[in-house]
Amino acid sequence: MVVARSIWGVKSKLAFGALALGAGAGAATVAKSDDPATALKLCTTVPVRLFRLSVTAATIAFDYEYSLWGLPEDSIERTRIKHEVHTRSARRLEELCFKNGGIYIKLGQHIGQLEYLVPQEYINTLRESMLNRCPTSSYDQVCQVVKKELGGPPEEIFEEFDPVPIASASLAQVHVARTHHGQKVAVKVQHMHMTDTAAADYATVELIVNTLHRLFPSFDYRWLVDEVHDSLPKELDFLNEANNSIKCMDNFRRLSPHIAEYVYAPAVYWNLSTSKLLTMEFVEGPQVNDLKSIQKLGINPHDIARLVSRTFAEMMFKHGFVHCDPHAANLLVRTLPSSKSGIFGRRKPQLVLLDHGLYKQLDISMRTNYAALWKALVLADAKGIKENCMKFGAGEDLYALFAGILTMRPWNRVIDPAVDHLAIQGNASDHSELQMYASQYFPQITELLHKLPRVILLMLKTNDCLRAVNNALIQRPSVESFIIIGRVSSEALIEEKLSHATSLFTYLFVCFEQISLEARFLIMQVALWILQFRTALRLY
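Scoring rules and cut-offs
Residues numbered from 1 in each chain as written. Predicted model: local features only at pLDDT ≥ 70, side-chain atom pairs only at ≥ 80, totals over all residues. Heavy atoms only, no water. Patch = residues over 30% accessible without salt bridge, like charges linked within 9 Å, V, L, I, M, F, W, Y side chains within 5 Å. Areas by Shrake-Rupley, 256 points an atom, 1.4 Å probe, with all protein chains shown as cover. Salt bridge = Lys/Arg side-chain N within 4 Å of Asp/Glu carboxyl O. Helix = DSSP H or I, 4+ residues; strand = E, 2+ residues; numbered from the N terminus. Buried < 20%, exposed > 50% of the residue type's maximum accessible area, 1.4 Å probe, protein only. 1 Å grid on protein atoms, 1.4 Å probe; cavity = no way out; pocket = protein on both sides within 12 Å on 5 of 7 lines; lining within 4 Å. Points joined across faces, edges and corners; volume = space filled by probe spheres on them. Nonpolar A, V, L, I, M, F, W, Y, C, P; charged D, E, K, R; others polar. Axes fitted to C-alpha atoms, helices over the stretch in contact; angles between N-to-C directions. Contact = heavy atoms within 4.5 Å. Phe/Tyr/Trp six-rings, centres within 6.5 Å; stacked < 30°, edge-to-face > 60°. Lys NZ or Arg CZ within 6 Å of the ring centre and 35° of its normal.

The next subject is a nonpolar patch on the surface. Together, Leu-522, Val-526, Trp-529 and Ile-530 give the surface a local cluster of nonpolar side chains, amounting to about 380 Å² of exposed area. Tracing the backbone shows Leu-522 in helix α21 (residues 504–539). What makes Leu-522 partly exposed here is its relative accessible area of 48%.

Before going further, it helps to examine the layout of surface pockets. The gaps of empty space that remain are located by a probe, the size of a water molecule, rolled over the atoms. When its volume is computed, the second largest pocket comes out at roughly 830 Å³. Taken together, 36 residues form the lining of the second largest pocket, with Ala-167, Val-174, Ala-329, Asn-330 and Leu-354 sitting closest to its centre. Of all the secondary-structure elements, those providing two or more residues to the lining of the second largest pocket are α4 (103–113), α5 (120–132), β2 (167–168), β3 (172–178), β4 (184–190), α10 (238–255) and β6 (277–281). Per-element accounting of the lining of the second largest pocket gives the leading share, 3 residues, to β3. Of the residues that constitute the lining of the second largest pocket, the class distribution is 18 nonpolar, 11 polar and 7 charged.

The description of two helices packed together rests on the angle between their axes and the distance between the axes. Two numbers describe how helix α3 (residues 76–100) lies on α4: the axes approach to 7 Å, and their chain directions differ by 145°. Of the residues in α4, those in contact with Leu-93, Leu-96, Cys-97, Phe-98 and Asn-100 of α3 are Tyr-104, Ile-105, Gly-108 and Ile-111. Per-class residue counts for the contact of α3 with α4 are 7 nonpolar, 2 polar and no charged.

All told, the structure shown has 9 aromatic pairs when counted by the stated rule. On the basis of an interplanar angle of 40° and a centroid distance of 5.6 Å, the ring pair of Phe-158 and Phe-161 is categorised as tilted. For Phe-158, a relative accessible area of 0% gives the class buried. On the numbers, 6.3 Å between centres and 75° between planes, the contact of Phe-392 with Phe-402 is edge-to-face. Here Phe-392 is found in the loop between α14 (382–391) and α15 (399–407), whereas its partner Phe-402 is found in helix α15, with 10 residues between them in sequence. The exposure class of Phe-392 is buried, given its relative accessible area of 3%. Owing to a relative accessible area of 0%, Phe-402 belongs among the buried residues under this scheme. Ring-pair connections join several aromatic residues into one group, and the members of that group are Phe-317, Tyr-370, Phe-392 and Phe-402. Above the face of the Phe-238 ring, Lys-188 is positioned so that its terminal group lies 5.0 Å from the ring centre. Stacked on the ring of Phe-321, the Lys or Arg Lys-247 has its end atom at 4.3 Å from the ring centre.

Next up, the structure:
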């Protein structure tokens, strides 16, 4: 009871402190604002949002401390109760994100993508809901944004404008429209006051996370708040998003011409776009995880899985300019416009990339080291893995953990020379093993995430998104995506070495290394085909 009263005291102080802080911030906002009406509205909403956050955070902390108090660490009862607390807490967090919206949904999306870095109950609760059930702005609010940004109401600016959005995300929603020249377009409209509330929301989230870390040192998600703080202003600037899409496509044409026609970004209508409203070409196509619709198009899901892996490997290891939000809703599939049906009626796929707001630039050193690390991981090169992990700050005590997070495999499997050493079997024992490691090494994971460069944290999130997409497409154990990653990372390293070759001997040596690697990956691919064939025979 003493513990309960103590934690309840913390809960009360957090809630009332937050309310006082919100009221003070609100008064300051009204005093300084050039738009008193908007400022007054913000002052009434920000304290309420802050109060919700404080109560939710304190309630979750109280639930963990009180519910698990006195239970033996390895007991069955503690495991059962912990599962219940994880589930309750995940639902409370989900409710908070939906009620507050904006940056809170963005944080929820980040947490939902960090598979096995947070308890699985949070992943199960947040992953789908944060992506597919985002709240929408009213049509009246949409009209206000369109009028402010483009100088007139939607029915004046566009020939047609559907008042019902076809999609809604944390920062904006998308409406289908038709220009006065007859082109069908997608209009992305930022939720009202996102720019105004984002700064206040970030400050309050930072306050609560820092406070909880001081009270409960094992709770340390400050790195996640820092990442949102860095990325949110860029995501809120839709002209930055438009420029990212142009740069992305230019990179494929210049640096990856062999797959450039298989990757597409919708064209931007610059005369109908601003920092808070983006008008793009409307592209028809199912989401990358919609297997039934994909098969109706005559496209093999395995072809799409290979294309997704190749596309993002090229971005990471050759372009150094990476789309960091590749969840299923941001990846559409359509048939390649120039392709014809094959012998069995199969069509070639084209991958359509949406939502270019969140990109990360890897400098040459970072890109090369990251490529070298993935090459070592795919080839089960223990020495190479250790050397390259340490370049990112994962020292003697953390490099095996970093390798495990990247591949989602325990260290003994990472360095296993078997061709399928990185395959996740997808059964209950595999998931249980990974969850056990995440729980057992949580303090070390937290330490690692603080030591890694910020850009690598986004690469972890990107890997998690791509893994989920690959699992949805393949639906069985597969290492083909890893072989593709190994090939592209090796190609990038060879290209970098060739660009610095200063003598004929060096050039020939690098060429020999290239031939050796190609032979090794070919052997791996053949071994994988044989393994898959044997598995298929056993199933029949």
